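Architecture at a glance
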Number of protein chains: 2
Amino acid sequence: MNQDKPYAIGIDLGGTKIIAAIVDEHGNILRQANAATQTEEAAQAVIGRIGDLVQTVLDESGINLSRIRGIGIATAGIIDTQRQMVIFASNLNWSDVPIGAILQERFGVAVQLINDANAAAVAEWAFGSARGTKDLIYVTVSTGVGAGIISGGRLITGVGDSAGEFGHISLDPEGPLCVCGNRGCLENYTSGLALASRAREQLLQGATSSLLVENGNDLSRITAKEVGEAAVRGDLLSMTLMKEAGYYLGVGLTNLIHLFNPQVIVMGGGVMKNGQLLLAEAKNVIRERSISRMANQASIQLTTIGAEAGVLGAAGMYYPSEREMVEV
Amino acid sequence: MNQDKPYAIGIDLGGTKIIAAIVDEHGNILRQANAATQTEEAAQAVIGRIGDLVQTVLDESGINLSRIRGIGIATAGIIDTQRQMVIFASNLNWSDVPIGAILQERFGVAVQLINDANAAAVAEWAFGSARGTKDLIYVTVSTGVGAGIISGGRLITGVGDSAGEFGHISLDPEGPLCVCGNRGCLENYTSGLALASRAREQLLQGATSSLLVENGNDLSRITAKEVGEAAVRGDLLSMTLMKEAGYYLGVGLTNLIHLFNPQVIVMGGGVMKNGQLLLAEAKNVIRERSISRMANQASIQLTTIGAEAGVLGAAGMYYPSEREMVEV
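Please read these numbers as outputs of a predicted model, since none were measured by experiment. (Residues numbered from 1 in each chain as written. Chains lettered and ligands numbered in written order. Predicted model: local features only at pLDDT ≥ 70, side-chain atom pairs only at ≥ 80, totals over all residues. Heavy atoms only, no water.)

All names here are of chain A. Here chain A is partitioned into domain 1 (7-125 + 308-317) and domain 2 (130-302). Put simply, the middle of domain 1 and the middle of domain 2, counted by C-alpha atoms, are 28 Å apart. The partner domain 2 presents 17 residues to the 13 residues of domain 1 that form the contact. Between domain 1 and domain 2, a total of about 1,200 Å² is buried, with carbon and sulfur atoms accounting for 59% of that surface. By the criterion of area lost to domain 2, the three top residues of domain 1 are Asn118, Glu124 and Trp125, representing 54% of everything that side buries. At the junction of domain 1 and domain 2, the tally comes to zero salt bridges. (Domains from an automatic or database assignment. Contact = heavy atoms within 4.5 Å. Buried area = accessible area lost by both parts, 1.4 Å probe. Salt bridge = Lys/Arg side-chain N within 4 Å of Asp/Glu carboxyl O.)

The following block contains the structure:
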């Protein structure tokens, strides 16, 4: 890996927005640029816009392409990291898009794809507070639940780049049918969607809560964000729902601890922004139920990276030696 | 890794028996020797006996120590693969035994420890029918349930060499308390102990079965082996119990598929010897519940290695390049 080339470019390709950033080996963002994704256009046009953003950060930073190790692209959906293609991404409306080859042709540097949960894990590992550990799991609790898993100093991708579907492990074989086809998936108990739908259910059944009044008696305005904020303010219903979600999260994290024996678990995602109660309950469950030697080896912490996780993780793929060198 | 040295020695250190074997890069066992473990003796004496077995296979094969890459030791219990120590092994009655250093001193070659489920995984990977795959999980269903996981061409050990506790993932947070402290662990539904205890329960409640007569009306003689054999013969109670165990195994394997996206899952362990029905039911659950793309990528097969898995896996740690070279 071109150790003499000090920079990498990270792209965060979302359904709404594209972010491009030029990143050094310490995770400093030298220059950043955004554009709307405009998924109504053809993939070729979107990729053209990504390329223009790359050119913009190069121009504005005054860094020559010859000093770039490569371009990393973090995106949702099913990707193929061998052929650097997006196989299917519903948020982009893409099927079989050879984005890697197109950008490699334009810039003549390596292009690597990574899914967004994995990118967040790499960002934590390369540049976050847990950098240097060889055994780190990043868990996102957002609309859904996902994980990026680094074990023995390497990202776990699986044979088809689909590993880490933490939201779809079953915690109850007789539980509700999940969209994935499985039953009783973690995501049905702990996720933004689950929190919002449980809050609405309880309110419809007449539960007392400040949620309704604060949202103009409009159930449809109640999302996980409202529930999380109300829990922080002390709304009892919201606190109960966050604790319930935390209970199942703790059961799921115990399973991860038993399977991966991680050193660090970093929690991120929208729901975690007001997730103190949820995390406290999850930690209770872990303390009570995990094999104690393994629980003691696993430090569970909130992410400190935030919105830049995508570009940092995408660029972070190009800094493996630094990752190995740093000690926890 | 000493590519010019063609052999490795594998040790299978069990509570009853020690096996030593000299193994070539293709997994051929050139010479093998056994001894009783005699755990009533001090660890030093047991290690002495292991050393004598190593010397025996060297002498009898006529292979000089200079042609040995290293000695691998597969054992149960908690091990430290950095310091090559057995931290705790109840079946040996050992605590903090520096077996690696002692044998390295005696023979002057590298010594590496590996836990027995991981050894079985390495054996499959290095020498089994699935050799060459980078994403393989070995699952043993025996008295308990465990797994050895290879992902991206590397063994998943975790920070404390304890990864792969597949028997202790929870499938029901409100389920029975497990010996590990967790609730509703897979091992409580699918394992030799669970099968035997369910059979006895059902018989005590008056279930009709050939099991009782065949075991002289002695409940204590009914183990998972009897249940498995009776299921193969068509005993309805035993068939039902095997199918139930298979159902939970399928739920657990679906979780593994969603987390690791493996290419091959190899099933072994005593219970699988009569496990056709159990495996068929597990496959049904996987087909029904796993994300189909990931289920289609995972081939599930029975082990073809058997009793030599320990020595082959222990020796197999010394053949990484061959593993990488072979294509599935």
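Residue and element names in this part refer to chain B. Relative to strand E6 (residues 85-89), strand E5 (residues 78-80) runs antiparallel, the two sharing three bridges. Residue pairing for E6: Ile79 is matched across the bridge by Val86. Counted along the chain from E5 to the antiparallel partner E6, the turn is four residues long, and its residue Gln84 has a positive phi close to 55°. Both E6 and strand E7 (residues 94-97) contribute to a ladder of three bridges, which runs antiparallel. Among the inter-strand pairings, Ala89 is bridged to a residue of E7, identified as Trp94. (Pairing = 2+ DSSP bridges. Helix = DSSP H or I, 4+ residues; strand = E, 2+ residues; numbered from the N terminus.)

All names here are of chain A. Here we have three strands laid out as an open sheet, ordered E5-E6-E7, and antiparallel in their pairing. For this open sheet the edge positions go to strand E5 (78-80) and strand E7 (94-97), each flanked by a neighbour on one side alone. Direction aside, the axes of adjacent strands within the sheet are offset by 15° on average. (Axes fitted to C-alpha atoms, helices over the stretch in contact; angles between N-to-C directions.)

On to the pattern of salt bridges, then. Residues and elements named next belong to chain B. Tallying each qualifying case throughout the model produces twelve salt bridges over all chains. Where Arg49 meets Glu41, a salt bridge forms, and the shortest distance between an N and an O atom there is 3.1 Å. Using a relative accessible area of 29% as the deciding quantity, one classes Glu41 as partly exposed. Two residues, Arg233 and Glu214, come together in a salt bridge whose shortest N-O distance is 2.3 Å. One end of the pair, Arg233, is in helix H6 (residues 224-233); the other, Glu214, is in helix H5 (residues 211-214), with 19 residues separating them in the sequence. On the accessibility criterion, Glu214 (40% relative accessible area) is partly exposed. (Buried < 20%, exposed > 50% of the residue type's maximum accessible area, 1.4 Å probe, protein only.)

Moving on to the environment of Asn284(B). Inspection of the secondary structure puts Asn284(B) in helix H8 (residues 276-289). Here the alpha-carbon distance between Asn284(B) and Gly250(B), two residues 34 residues apart in the chain, equals 7.5 Å.

So, on to the state of the cysteines. All names here are of chain A. In this structure the tally under the stated criterion is zero disulfides over all chains. For the unlinked cysteine Cys180, the closest cysteine sulfur is that of Cys185, found at 3.7 Å. Judged by its relative accessible area of 17%, Cys180 is buried. (Disulfide = S-S within 2.5 Å.)

The subject of this paragraph is the side chain of Ser290(B). Residues and elements named next belong to chain B. The residue Ser290 is located in the loop between H8 and helix H9 (292-297) in this model. On the accessibility criterion, Ser290 (5% relative accessible area) is buried. Those residues within four positions of Ser290 in sequence are excluded, and the remaining contacts are Thr254, Ile257, His258, Val285 and Ala295.

Once that is clear, we can look at the packing of helix H7 (residues 236-260) of chain B against H8(B). Angle between the axes and distance between the axes are the two parameters that describe a pair of packed helices. Residues and elements named next belong to chain B. Relative orientation of the contacting elements H7 and H8 amounts to 45°, with a least axis distance of 7 Å. Considered as vectors, H7 and H8 are oriented oblique to each other. Considering the relative orientation of H7 and H8, their crossing is right-handed. (Parallel < 35°, antiparallel > 145°, perpendicular 65-115°, else oblique. Left-handed = near helix turned anticlockwise from the far one by under 90°.)

Overlaying chain B with chain A gives an RMSD of 0.0 Å, the required rotation being 180° about an axis along which the chain moves by 0.0 Å. Between the two chains, the operation in question is that of a two-fold axis. Looking at chain B, 100% of its interface residues are interface residues in chain A too, so the copies touch through the same face. (Least-squares fit on C-alpha atoms with pLDDT ≥ 70 in both.)

With that settled, the discussion passes to the environment of Ile29(B). Residue and element names in this part refer to chain B. Take Ile29: it is sitting in strand E3 (residues 29-36). Residues Ile29 and Phe107, 78 residues apart in the sequence, show an inter-C-alpha distance of 20 Å. Not counting chain neighbours up to four residues away, the residues in contact with Ile29 comprise Ala21, Ile22, Val23, Glu308, Val311 and Leu312.

All right, on to the nonpolar core then. In terms of nonpolar packing, the biggest core is built from 100 residues, with Phe166(A) and Phe166(B) touching the most fellow members. Core analysis: the next-biggest nonpolar cluster, separate from the first, contains 33 residues, Leu13(A), Ala20(A), Ile47(A) and Val57(A) among them. (Core = buried A, V, L, I, M, F, W, Y, C linked by side-chain atoms within 4.5 Å.)

Here the focus is the interface of chain B and chain A. Put simply, an interface is often sized by how much accessible area is lost when its parts join up. Tallying the contact residues gives 47 residues for chain B and 47 residues for chain A. Taken together, both faces of the contact between chain B and chain A bury some 3,700 Å²; the carbon and sulfur share is 55%. A per-residue breakdown of the area chain B buries against chain A is headed by Val159(B), Leu259(B) and Arg289(B), which together make up 18% of the total. Remark: the boundary between chain B and chain A carries zero salt bridges. Applying the counting rule to chain B against chain A returns 30 residue pairs in polar contact (both at pLDDT 80 or more). The set of elements that each furnish at least two residues to the side of chain B that touches chain A consists of strand E10 (145-151), H7, H8 and H9 of chain B. Take the side of chain B that touches chain A: its biggest share by element is nine residues, from H7(B). When grouped by side-chain class, the residues that make up the side of chain B that touches chain A number 19 nonpolar, 18 polar and ten charged. (Polar contact = N/O pair within 3.5 Å; in protein donor to acceptor, adjacent residues only side chain to side chain. Nonpolar A, V, L, I, M, F, W, Y, C, P; charged D, E, K, R; others polar.)

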